[in-house]
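Working through the structure, step by step
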Amino acid sequence: MLREIADRDPKETDADAPAELKVGYQGEPGAFGEVAAAAHGGAPVPFASFEKVLEALGQGVIDEAVFPLENAIVGGITEALEPLAAGVLRGLDLVATGLTSVPVRLALSAKQGTPIGDVKRAWSHPAALRQCTQRLAAMGIEPVVCYDTAGAAKIIAADASTDAAICSRHAAEMSGLDVLIEDVSDRDQNSTRFVHLRQADHARARVPLAFLRTSSMTATTRLDVLTGATLLPLAGTPEHPVRMWVLGADAARLQALAPARDVQVVSLGQPAPHASRLPPKEGTAPAVKSLPHATARKPATVVEVGPFKVGGGHRAMIAGPCSVESPEQVMRIAREVAACGATALRGGVFKPRTNPYAFQGHGYEALEWLAAASREVKLPIVTEVMAVDQVQQVAQKADVLQIGARNMQNFDLLRAVGRAGRPVLLKRGAGATTDEWLGAAEYVMASGESRVMLCERGIRTFEPSTRNTLDLGGMLAVRPLTHLPLLADPSHAAGRADLVEGLARAAWASGADGLIVEVHDDPARALCDSEQALVPTRFAELARALALDPNAHLPLAQLRAWVDAIDHDLAELVKRRLDVARVIGDSKRQTGRAVLDPKREAAVRRTYYEALPTSKQLADKLVDLLIEAARAQQSIEE
Ligand code: PEP
Ligand code: MN
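Residues numbered from 1 in each chain as written. Chains lettered and ligands numbered in written order. Predicted model: local features only at pLDDT ≥ 70, side-chain atom pairs only at ≥ 80, totals over all residues. Heavy atoms only, no water.

Some thoughts on the coordination of the manganese ion (ligand 2)
- C322 (SG), H492 (NE2), E518 (OE) and D529 (OD) make up the full set of protein donors to the manganese ion (ligand 2), lying at 2.0 to 2.4 Å.
- All donor residues of the manganese ion (ligand 2) come from one chain, and their arrangement in sequence is C-x169-H-x25-E-x10-D. Highlighted residues: E518 in strand β24 (residues 514-518) and D529 in the loop between β24 and α20 (536-545), separated in sequence by eleven residues.
- On the basis of relative accessible area, E518 is assigned to the buried category, the value being 1%.
- Judged by its relative accessible area of 13%, D529 falls in the buried class. (Donors = N, O, S within 2.8 Å, 3.2 Å for Na, K, Ca; no water. Helix = DSSP H or I, 4+ residues; strand = E, 2+ residues; numbered from the N terminus. Buried < 20%, exposed > 50% of the residue type's maximum accessible area, 1.4 Å probe, protein only.)

What follows is the structure in structure tokens.
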């Protein structure tokens, strides 16, 4: 049901939504932009300039805008990109919701009866004129710039001369012109790609953007090679020194790699990890109307219990055994995970088992053992409740109540935990859609508990090699719809210890607010889920790899291992820096630019000063060494 709401055709929206999606484009009716604007059933609205289109989008006069980005013959269309970049730099928060490729046939058109030999000048938009420079030159026709292709047809229709317009056949016919040549494009198969843009807080940006590639790239750098991003070069202005337009990539990452500080990188579209930090904005209607609590547009919900804090940039690591087996077992494992920097202790006392004869959990007795371990290591408890009549008693000892995958749609249970006064960790059902998952969260919230964490733990697919399929795509799809923290459970998704670390890293990298991981110090003898438990040393490696800041009193051996891991990463990063510096050097040489750049070196030094404000000397030494090594690598003679 909810998916229909999120993906619905704009024409089918409810009463207070616009009856028809108004899509702005630059130009006159009959322009190529109009075709792009109508591509998804929208109602095209013409504007005289790209700036006016953006203004209308910013004021909510139109719902969407189309901007031509790239043409098959001439590459990036700077006439559109420059105002777009300026708009973004002024603070317009845009997301790209799709791309439309419009076939372009540039009809040379003149007033009825004009012999082609009499045409000395042709009017059109500068980007269109660039696409037929050679043909016009060959015919001895002089290009004349005006604001639009269809606008050119109007000008010619009202003009007494034998000048021509270069526009679509449709535009020519609308102005009553004769088409003298069907297509004067310099190459066959001409087309232009338009990007559809919306204001970030209005967009339900679900369409992943395809990357563009443009031939005019070579003049910039090889950042695209290094990062896989798509760059469109822009001239920029002194006030807005934009040199690159990045489509669908992480601007922050590219900025760090940009060859000079005066090169500004702006990014269009929300890359996943970035998007994950962008919950719906405050003060507007919920992302899904029927779920006012779970999809309210408000700042990220931060769930906090003692050292456990998750959401809004705080990340959590919940770890512990699948089930609490004995007082000693849970105490030992609690100590291990706490030492690795876990922020909460998990452990099941009521276990949902497929087979009724399998171990069902030690119940309330085990809750006492879990509570003792929790007190000892000072980590809050996360434990599952399976039935309504368990809720009150478990809530007296547990800090977070977990709803297991199998109970995600046990609505009575959801209501009961919603009234228990404890935060809730809501696992996604193995057969539940993301909409149903959000619906389950709404039940809990509507019953009074606002501190709900959603946990993706894998869904059932046809793939038998893993216990479930960790649906990170589903998790990311939920991100823009909800302010609630999103966690991932790589253990139940993998069902096997060897895959847990990989899935954990993937979930972490895709922006999960936290993880819940099963750890056991004797997996072979575990009473439940023995195949997927990580032994403490492997959990320690994982915790280090994710750079958890434990703030815990780590034993010396753990701290040493951590430093070793950091040194390893540092050495790898230094090597990568040298590789990248070499590619930049090659690229600069190819394009005839000076390889050495004192301004750039100063910028690098500033970066190190900022990161090491109390160790300037160390920063200086490091930068000196790096620059020296990079020069040697680039084989530059001083
Ligand atoms: C668990 O966390 O131990 C558990 C049973 O998980 P799920 O409900 O995701 O299967
Ligand atoms: Mn388990």
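As for the pairing of strand β20 (residues 400-403)
- The side-chain alternation of β20 yields two buried faces, one formed by V400 and Q402 and the other by L401 and I403.
- Sheet topology note: the strand β19 (residues 381-384)/β20 ladder contains three bridges and is parallel. Paired with V382 across the two strands is V400, which belongs to β20.
- At this point the chain moves from β19, through helix α14 (residues 388-397), to the parallel β20, and the crossover so formed is right-handed. (Pairing = 2+ DSSP bridges. Right-handed = clockwise from strand over helix to strand, strands pointing away.)

With respect to helix α23 (residues 616-633)
- Under the 1.5 Å per step criterion, the end-to-end length of α23 is 25 Å for 18 residues, consistent within 8% with the ideal 26 Å.
- Residues of α23 that are buried: A619, V623, L626, I627, A630 and R631. Projected onto a plane normal to the axis of α23, the buried residues spread over an arc of 130° and lie on a single side. Away from its buried face by more than 90 degrees, α23 exposes Q617, K621, L625, E628 and A632. (Expected span 1.5 Å × (residues − 1). Arc of directions from axis to C-beta.)

A closer look at the environment of G363
- Along the chain, G363 falls in helix α13 (residues 363-377).
- When the C-alpha atoms of G363 and V349 are compared, they prove to be 4.8 Å apart, with 14 residues separating the residues in sequence.
- Beyond its immediate stretch of four places on either side in the chain, G363 contacts V349 and F350. (Contact = heavy atoms within 4.5 Å.)

Comments concerning the pattern of salt bridges
- Under the criterion given, the structure shown has 27 salt bridges.
- The shortest N-O distance in the salt bridge between D529 and R467 comes to 3.1 Å. Of this pair, D529 sits in the loop between β24 and α20 while R467 sits in the loop between β22 (452-456) and α17 (472-478); the two residues are 62 residues apart in sequence, bridging distant segments of the chain.
- Here R467 falls in the partly exposed class, since its relative accessible area comes to 36%. (Salt bridge = Lys/Arg side-chain N within 4 Å of Asp/Glu carboxyl O.)

Focus on helix α15 (residues 411-418)
- Within α15, burial applies to L413, L414, A416, V417 and G418.
- Lining the buried residues of α15 we find α14, β20, β21 (424-427) and α16 (434-446).

Some words on empty space enclosed by the protein
- All told, the structure shown has five cavities of 30 Å³ or more when counted by the stated rule.
- Counted as a void, the largest cavity has a volume near 250 Å³.
- Contributing to the lining of the largest cavity are 19 residues, with F32, P68, H125, T149 and F194 lying nearest its centre.
- Going through the elements one at a time, β1 (22-26), α2 (32-37), β3 (64-71), α5 (126-130) and β11 (191-199) are the ones with two or more residues in the lining of the largest cavity. (1 Å grid on protein atoms, 1.4 Å probe; cavity = no way out; pocket = protein on both sides within 12 Å on 5 of 7 lines; lining within 4 Å. Points joined across faces, edges and corners; volume = space filled by probe spheres on them.)

Considerations on the side chain of N71
- With respect to the element layout, N71 can be found in strand β3.
- Residue class for N71 comes out buried when judged on its relative accessible area of 2%.
- Only 3.2 Å separates the side chain of N71 from the side chain of Q131, close enough to count as a polar contact.
- Of the polar contacts made by the side chain of N71, one reaches the side chain of T192; its length is 2.9 Å.
- If we ignore the near neighbours within four places in the chain, the residues touching N71 are I77, Q131, N190, S191 and T192. (Polar contact = N/O pair within 3.5 Å; in protein donor to acceptor, adjacent residues only side chain to side chain.)

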